[in-house]
Amino acid sequence: MQVSLSDTSILEAKHSPTSPIFSLQTKYPRELSKACQDAGLMVRAIMPPTVQVGTERVRVCLHSGNDMEQVLLLSGVIEKWVKEKSNHATENRLEAAKL
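Calculation rules
- Along each chain, numbering runs from 1 in the same order as the chain's sequence is written.
- Totals for whole chains, interfaces and linings use every residue, but because this is a predicted model, local features are given only for residues with pLDDT of at least 70 and side-chain atom pairs only at 80 or more, for both listing and counting.
- Side-chain measures were taken over the full set of non-hydrogen atoms in the model, leaving aside hydrogen atoms and water.
- Only buried Ala, Val, Leu, Ile, Met, Phe, Trp, Tyr and Cys residues count toward a nonpolar core, and they belong to the same one when joined by side-chain atoms within 4.5 Å.
- The cut-offs for exposure are 20% and 50% of the maximum accessible area for each residue type, with area from a 1.4 Å probe on protein chains only; residues under the lower value are buried, those over the upper are exposed, and the others partly exposed.
- Elements are defined by DSSP. Helices are runs of H or I of four residues or more, strands are runs of E of two residues or more, and each kind is numbered from the N terminus.
- Contacts were defined at the residue level, with two residues in contact if any of their heavy atoms lie within 4.5 Å.
- By definition here, a helix of n residues has an expected span of 1.5 Å times n minus one.
- Each polar contact in these results corresponds to two N or O atoms within 3.5 Å; when the atoms are within protein, one needs to be able to donate a hydrogen and the other to accept it, and residues that are neighboring in sequence are counted only if both atoms are side-chain atoms.
- We call two strands paired when DSSP finds no fewer than two bridges between them.

**Here we look at the nonpolar core**
Okay, step 1: The biggest cluster of nonpolar side chains holds 15 residues, and the ones touching the most others in it are Leu11, Leu24, Leu32, Cys36, Val60, Leu74 and Ile78.
Okay, step 2: Of all the elements in the fold, those that place two or more residues in this core are strand S2 (21-25), helix H1 (29-38), strand S4 (57-61) and helix H2 (68-98).
Okay, step 3: It is H2 that provides the largest number of residues to this core, a total of 5 residues.
Okay, step 4: If near-sequence neighbours (up to four positions away) are discounted, cysteine 36 is found in contact with Leu41, Val43, Leu74 and Val77.

**A word on H2**
Okay, step 1: Between its first and last C-alpha, H2 extends 45 Å over 31 residues, near the 45 Å set by a 1.5 Å rise per residue.
Okay, step 2: All of the buried residues along H2 are Leu74, Val77, Ile78, Trp81, Val82, Lys85 and Ser86.
Okay, step 3: Its buried side turned inward, H2 meets S2, H1 and S4.
Okay, step 4: A side-chain oxygen of the first residue of H2 lies 3.2 Å from the backbone nitrogen of glutamate 69; this N-cap is aspartate 67.

**Some points on the pairing of S4**
Moving residue by residue along a regular strand, the side chains alternate between the two faces of the sheet.
Okay, step 1: Side chains of S4 alternate between two faces, with Val58 and Val60 buried and Arg57, Arg59 and Cys61 left unburied.
Okay, step 2: One ladder, built from 5 bridges, connects S2 with S4; its direction is antiparallel. Within the sheet, the bridge partner assigned to glutamine 25 lies in S4 and is arginine 57.
Okay, step 3: Direction of pairing for strand S3 (residues 44-46) relative to S4: antiparallel, over a ladder of 3 bridges. Counted as the bridge partner of arginine 44 is arginine 59 from S4.

In short, geometric facts, not functional conclusions.
Structural data, given as structure tokens:
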């Protein structure tokens, strides 16, 4: 099964070209930030009341001190997490269809 990282029902990246900080908007920011933190990455879940309900996100800041290995690690962790989330959602839909 191939998963598109452009599936905004699970994850949407938002950024400004003038800032090294970008957000990964998801309904599951704590799960995504934990996956990244478990891999040794420093990211933070931004939750209400800091942001409005429904706009929860994971904040990521890339800077000149990050090397290619770290960037690839970040993208790999995100890709793995999205695939796991997508597979879990598919399993839930299939299970619901059986009922």
